[in-house]
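Results of the structural survey
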Amino acid sequence: MSAFVSPAQAGQYGDLAAWTKRDKASSHQFTADLSRCKNAHEVALALRASAARQRKLTSDLIDLVHGHPELRYVPELGLTEEGFRKWTQAHPEAAAKRAALPKEPLKISEDVRLYTASLEKAPERKASVKVLAQYRGDPDVIVASSELRAVLADNEKRLMSTFR
């Protein structure tokens, strides 16, 4: 995996590079939070904290796209793979627009994609999945999981309308 583009290397997209660092830190925080959980209540708290971070990160990304309208053609910064596929189908003009973009946001989006892919293979992920599985039947964890899924679904809708 390549190193993230630093804000200094990102030129006018330093704010975007800083956002990616916060996004990465949020993923690490969620994993760390889950690894310390000793009961269902703590798992539910970790899920809710992740939901709050995800909502904030998405709002920050939307603000960045409004500040850099050309980023509307770099939806992989925030969309899931499925969301990106839907977006691509709905925006056939995107390939030409992307070709005209500066290299910095494309490099940053590639860093995000590579990092996201690496999360699936990280050993910490297995431990996190094990903790979640251990408490998945707890009512508080069920509610917190539903809340996180609702935030992620809402984020996807907000991002789809931002990356128009």
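Everything here concerns the structure above.
Rules of the game
Residues numbered from 1 in each chain as written. Predicted model: local features only at pLDDT ≥ 70, side-chain atom pairs only at ≥ 80, totals over all residues. Heavy atoms only, no water. Phe/Tyr/Trp six-rings, centres within 6.5 Å; stacked < 30°, edge-to-face > 60°. Helix = DSSP H or I, 4+ residues; strand = E, 2+ residues; numbered from the N terminus. Buried < 20%, exposed > 50% of the residue type's maximum accessible area, 1.4 Å probe, protein only.

1. Things to note about the packing of aromatic side chains
- Applying the stated criterion across every chain, the model contains two aromatic pairs.
- An angle of 65 degrees between the planes, with centres 6.4 Å apart, marks the rings of Tyr73 and Trp87 as edge-to-face. Of this pair, Tyr73 sits in the loop between helix H2 (40-67) and helix H3 (81-90) while Trp87 sits in helix H3; the two residues are 14 residues apart in sequence, bridging distant segments of the chain. Assigned by exposure class, Tyr73 and Trp87 land together as buried.
- Taking 6.3 Å as the distance between ring centres and 15 degrees as the angle between the ring planes, the aromatic pair formed by Phe84 and Trp87 counts as stacked. You can see Phe84 and its partner Trp87 sitting in helix H3, three residues apart, about one turn around the helix.
- Judged by relative accessible area, which is 28%, Phe84 ranks as partly exposed.
- Linked through ring pairs, Tyr73, Phe84 and Trp87 together constitute an aromatic cluster.

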